[in-house]
Amino acid sequence: MAFQLPELGYAYDALEPNIDARTMEIHHGKHHQGYTNNLNNALAGTDLEGNSIEAILGNLDMDNKAVRNNGGGFYNHSLFWSVMNPSDKGTLSGELKTAIEAQFGSVDAFKDAFSKAAATQFGSGWAWLCVDKGGKVSVCSTPNQDNPLMPGVTCQGTPVLGLDVWEHAYYLNYQNRRPDYINAFFNVINWNEVARRYAESK
Ligand code: MN3
């Protein structure tokens, strides 16, 4: 069964004014669809076909650039859409909030660390909040479509929150103002989904 482009679960204009409809339409319908198609093409007829995306990335030969780039792109964007929600954002609370405060000292300090990781990732990449098996959280960034599931990536763990900082994610609305886009992202985080991923991953 080939991978399918996941539904957003909300309208392209639902995240406005934080993320504009045109960016969402191109990002989901063109970029993510492209990663999905290219991943399926790269897997077709290989031993990897039929595995889950988590298993493929977790055991990845990092020299396999087609699967690294497109499998990462497929997984990363699927996570990204799910951790944003215009209507049911929830609040940062419970055991996830406790874990964040234990690691960073406060929620504001976590936001600063995450924003810094996103702002200082040179060129294209992602910022992540990850969790290890013991429930400890960490913040990091990765280049291109790499992510913390992949072998040898400097930050390891299961990503529970991710922010795309490729220019295609923000350039139409924010041009070179990546920090403004990062700030806006915090307005649309779906904390219920991040907490669900945390509980499932730790
Ligand atoms: Mn993208």
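Attention in this report is confined to the structure presented alongside it.

The rules we used
Residues numbered from 1 in each chain as written. Predicted model: local features only at pLDDT ≥ 70, side-chain atom pairs only at ≥ 80, totals over all residues. Heavy atoms only, no water. Donors = N, O, S within 2.8 Å, 3.2 Å for Na, K, Ca; no water. Buried < 20%, exposed > 50% of the residue type's maximum accessible area, 1.4 Å probe, protein only. Phe/Tyr/Trp six-rings, centres within 6.5 Å; stacked < 30°, edge-to-face > 60°. Helix = DSSP H or I, 4+ residues; strand = E, 2+ residues; numbered from the N terminus. Arc of directions from axis to C-beta. Contact = heavy atoms within 4.5 Å. Polar contact = N/O pair within 3.5 Å; in protein donor to acceptor, adjacent residues only side chain to side chain.

1. Describing the coordination of the manganese ion
Every protein donor of the manganese ion is accounted for by His-27 (NE2), His-77 (NE2), Asp-164 (OD) and His-168 (NE2), and the metal-donor separations fall at 1.9 to 2.2 Å. In primary-sequence terms, the residues that donate to the manganese ion follow H-x49-H-x86-D-x3-H. Asp-164 sits in the buried class, given a relative accessible area of 0%.

2. Describing the packing of aromatic side chains
Taken as a whole and judged by the stated rule, the model has 13 aromatic pairs. Ring geometry for Phe-3 against Phe-74: centres 5.0 Å apart, planes inclined by 45 degrees, an arrangement best described as tilted. Here Phe-3 is found in the segment before helix H1 (21-43), whereas its partner Phe-74 is found in helix H3 (residues 65-82), with 71 residues between them in sequence. As far as the burial class goes, Phe-3 and Phe-74 line up, both buried. With a centroid separation of 5.0 Å and an interplanar angle of 25 degrees, the aromatic rings of Tyr-170 and Tyr-181 are classed as stacked. Highlighted residues: Tyr-170 in the loop between strand E3 (158-164) and helix H6 (171-174) and Tyr-181 in helix H7 (residues 178-185), separated in sequence by 11 residues. Accessibility expressed as a relative area gives 4% for Tyr-170, which makes it buried. Using a relative accessible area of 1% as the deciding quantity, one classes Tyr-181 as buried. Cluster of aromatic residues (ring-pair linked, three or more members): Phe-80, Trp-81, Phe-104, Phe-110, Phe-114, Trp-126, Trp-128, Phe-185, Phe-186 and Trp-191.

3. Comments concerning helix H4 (residues 94-104)
Given 3.6 residues per helical turn, the α-helix brings residues three or four places apart onto the same face. Turning to H4, its buried residues number three or more, namely Leu-96, Ala-99 and Ile-100. Relative to the axis of H4, the buried residues are bounded by an arc of 100 degrees and lie together on one face. Buried residues in H4 make contact with helix H5 (107-120), strand E1 (125-131), strand E2 (137-143) and helix H8 (191-201). Positive phi shows up at Gly-105, right after H4, with a value of about 95 degrees.

4. Focus on the environment of Gln-175
As for its position among the elements, Gln-175 is in the loop between H6 and H7. Exposure remark for Gln-175: the relative accessible area of 31% places this residue in the partly exposed category. Of the polar contacts made by the side chain of Gln-175, one reaches the backbone oxygen of Leu-172; its length is 3.0 Å. Here the side chain of Gln-175 touches Arg-177 through a polar contact of 3.1 Å, side chain to side chain.

No statement about biological role is implied by the geometric values presented.
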